[in-house]
Amino acid sequence: PTTKRSVRFSETSQLFITEPRTSSGKESSWYSKEDRDVLKRQFKMDVQETRRKLASTPMPMVGQDDLHNCVGMELVLSYDIYSSTRKRRQNHVHAILEAQTRQKRLKIHDEAELSLISERSSEWVTSRSHNVAAMYWTILR
């Protein structure tokens, strides 16, 4: 049984004011720019290494460790998948923003419509994510 999930748009937000963190507190709880740069470079190197490995190894010979290394990289291992996903994300955001602009112009506020547009627009990613998870579940058990 699947649980139906929905998106809800709210006109208000909650803001919690907290005591400012000390410099050492900030450093211990956030990645620095240098840390983020190192992580990005490492991810790119991991992707390149994984691409080379997958391109040079017959699929029956790809081991579970190799497949574990793919987790989280699915979208960037193939340029076609990356491009398609990027375009779909852009279309998703555009559809919602366009509906919000139309509603604003007509002086209406219909959260249900925005939720439905978001749900329909993201069906592909939900399905793709399910398929990727099912594939990993089947292969990596």
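The rules we used
- Residues numbered from 1 in each chain as written.
- Predicted model: local features only at pLDDT ≥ 70, side-chain atom pairs only at ≥ 80, totals over all residues.
- Heavy atoms only, no water.
- Axes fitted to C-alpha atoms, helices over the stretch in contact; angles between N-to-C directions.
- Helix = DSSP H or I, 4+ residues; strand = E, 2+ residues; numbered from the N terminus.
- Parallel < 35°, antiparallel > 145°, perpendicular 65-115°, else oblique.
- Left-handed = near helix turned anticlockwise from the far one by under 90°.
- Contact = heavy atoms within 4.5 Å.
- Nonpolar A, V, L, I, M, F, W, Y, C, P; charged D, E, K, R; others polar.
- Salt bridge = Lys/Arg side-chain N within 4 Å of Asp/Glu carboxyl O.
- Buried < 20%, exposed > 50% of the residue type's maximum accessible area, 1.4 Å probe, protein only.
- Core = buried A, V, L, I, M, F, W, Y, C linked by side-chain atoms within 4.5 Å.
- Expected span 1.5 Å × (residues − 1).
- Arc of directions from axis to C-beta.

Participant: Got a sec to walk through the packing of helix α4 (residues 79-105) against helix α5 (residues 111-121)? Specific residues and values, please.
Facilitator: Between α4 and α5, whose axes approach to 9 Å, the crossing angle comes to 165°. In terms of axis orientation, α4 runs roughly antiparallel to α5. Judged by the twist between their axes, the crossing of α4 over α5 is right-handed. Packed against α4, whose contacting residues are H92, A95, I96, A99, Q100, R102 and Q103, the element α5 presents E113, L114, I117, S118 and S121 at the interface. A breakdown of the residues in the contact of α4 with α5 according to their chemical character gives five nonpolar, five polar and two charged.

Participant: Quick one: what's the story with the pattern of salt bridges, residue by residue and with numbers?
Facilitator: Going through the model one piece at a time under the given rule, you end up with three salt bridges. Among the salt bridges present, the one from K33 reaches D37, with a minimum N-O distance of 3.2 Å. Here K33 pairs with D37, and both are found in helix α2 (residues 33-56), just four residues apart, close to one helical turn. Judged by its relative accessible area of 25%, D37 falls in the partly exposed class. Among the ionic pairs, R102 bridges to E113, the shortest N-O distance being 2.1 Å. Residue R102 is found in helix α4, and its partner E113 is found in helix α5; the two are separated by 11 residues along the sequence.

Participant: Describe in detail the nonpolar core, supporting the description with residues and values.
Facilitator: In this structure, V62, L67, C70, V132, Y136 and L140 together form the largest nonpolar core, which totals six residues. Top contributing element to this core by residue count: helix α6 (residues 123-140), with three residues.

Participant: Explain unusual backbone geometry to me, and be specific about the residues and the numbers.
Facilitator: The phi dihedral of K107 falls on the positive side, at around 60°, and the residue is not glycine. If you trace the backbone, K107 turns up in the loop between α4 and α5.

Participant: How would you sum up the environment of V38? Please name residues and give values.
Facilitator: Tracing the backbone through its elements, the reader meets V38 in helix α2. Linking V38 and E119, residues 81 residues apart in sequence, is a C-alpha distance of 36 Å.

Participant: Describe α6, with residues and values.
Facilitator: Relative to the 26 Å expected for 18 residues at 1.5 Å per residue, α6 spans 25 Å between its end C-alpha atoms, a close match to the ideal helical length. Within α6, the full set of buried residues consists of W124, V132, Y136 and L140. An end-on view of α6 places all buried positions within 100° of arc, on one side of the element. Exposed and oriented more than 90 degrees from the buried face of α6 are T126, H130, W137 and T138. Elements that come into contact with the buried residues of α6 comprise α3 (64-70), α4 and α5.

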